[in-house]
Amino acid sequence: MKKAIQDQAIIQGIRAGGPAADQALRNLYQSQRERGLAFLQQQGASSTEAADIFQDAVIAVYENIQSGKFRGDSAVASYLFSVARFIWLNRVKRAGIREKVMDKVEVPEIESSHLPQLLAR
């Protein structure tokens, strides 16, 4: 029951805007930071990546609560972790695509003797 009350306070604070939103966002961030970073690192993120992703996830949750996209079907913390996992998986996917593309790109070799002539033009 305590979690539901905390979730309602976070949701109401964010929707209220102003100082109440700032306090609600701070409470959400501080209460879930350690667990969120550990979760992301378990998923394979480095500590730096985990910190960036967690911050992006908190901002996304904040925006989704403000806009009404978050309907409250789950706990705020569960939603935050789902968003963080989604962001992480998208980064992994993009990095994988980038690696595949770079593996296929052939960079022509330029002979060093031609380099001064190319630069002189």
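Residues numbered from 1 in each chain as written. Predicted model: local features only at pLDDT ≥ 70, side-chain atom pairs only at ≥ 80, totals over all residues. Heavy atoms only, no water.

Trainee: Is there a simple way to think about the pattern of salt bridges in this case?
Mentor: Opposite charge on two side chains lets them pair, provided their charged atoms get close. Evaluated as defined, the whole model comprises three salt bridges. Between Arg-33 and Glu-34 there is a salt bridge, and its shortest N-O distance comes to 3.1 Å. A relative accessible area of 29% places Arg-33 in the partly exposed class. Here Arg-91 makes a salt bridge to Asp-56, at a shortest N to O gap of 2.8 Å. One end of the pair, Arg-91, is in helix α4 (residues 76-104); the other, Asp-56, is in helix α3 (residues 47-67), with 35 residues separating them in the sequence. Classification of Asp-56 as partly exposed rests on a relative accessible area of 33%. (Salt bridge = Lys/Arg side-chain N within 4 Å of Asp/Glu carboxyl O. Buried < 20%, exposed > 50% of the residue type's maximum accessible area, 1.4 Å probe, protein only. Helix = DSSP H or I, 4+ residues; strand = E, 2+ residues; numbered from the N terminus.)

Trainee: Please explain α3 as it appears in this structure.
Mentor: Turn by turn, an α-helix covers 3.6 residues, leaving residues three or four places apart pointing in a common direction. Across its 21 residues, α3 extends 30 Å between first and last C-alpha, which sits within 8% of the 30 Å expected from 1.5 Å per residue. Restricting attention to buried positions, one finds in α3 the residues Ala-50, Ile-53, Phe-54, Ala-57, Val-58, Ala-60, Val-61, Tyr-62, Asn-64 and Ile-65. Backbone geometry just after α3 places Gly-68 at a positive phi near 90 degrees. (Expected span 1.5 Å × (residues − 1).)

Trainee: Looking at this structure, how should I read the packing of helix α2 (residues 18-42) against α3?
Mentor: What describes two packed helices is the angle between their axes and the distance between those same axes. In the contact formed by α2 and α3, the axes pass within 9 Å of each other and the chain directions differ by 140 degrees. Here α2 and α3 pass one another in a crossing that is right-handed. Seen from α2, the contacting residues are Ala-21, Leu-25, Leu-28, Tyr-29, Gln-32, Arg-33, Gly-36, Leu-37, Leu-40 and Gln-41; seen from α3, they are Ser-47, Ala-50, Ala-51, Ile-53, Phe-54, Val-58, Val-61 and Tyr-62. For the contact of α2 with α3, the per-class residue count stands at 13 nonpolar, four polar and one charged. (Axes fitted to C-alpha atoms, helices over the stretch in contact; angles between N-to-C directions. Left-handed = near helix turned anticlockwise from the far one by under 90°. Contact = heavy atoms within 4.5 Å. Nonpolar A, V, L, I, M, F, W, Y, C, P; charged D, E, K, R; others polar.)

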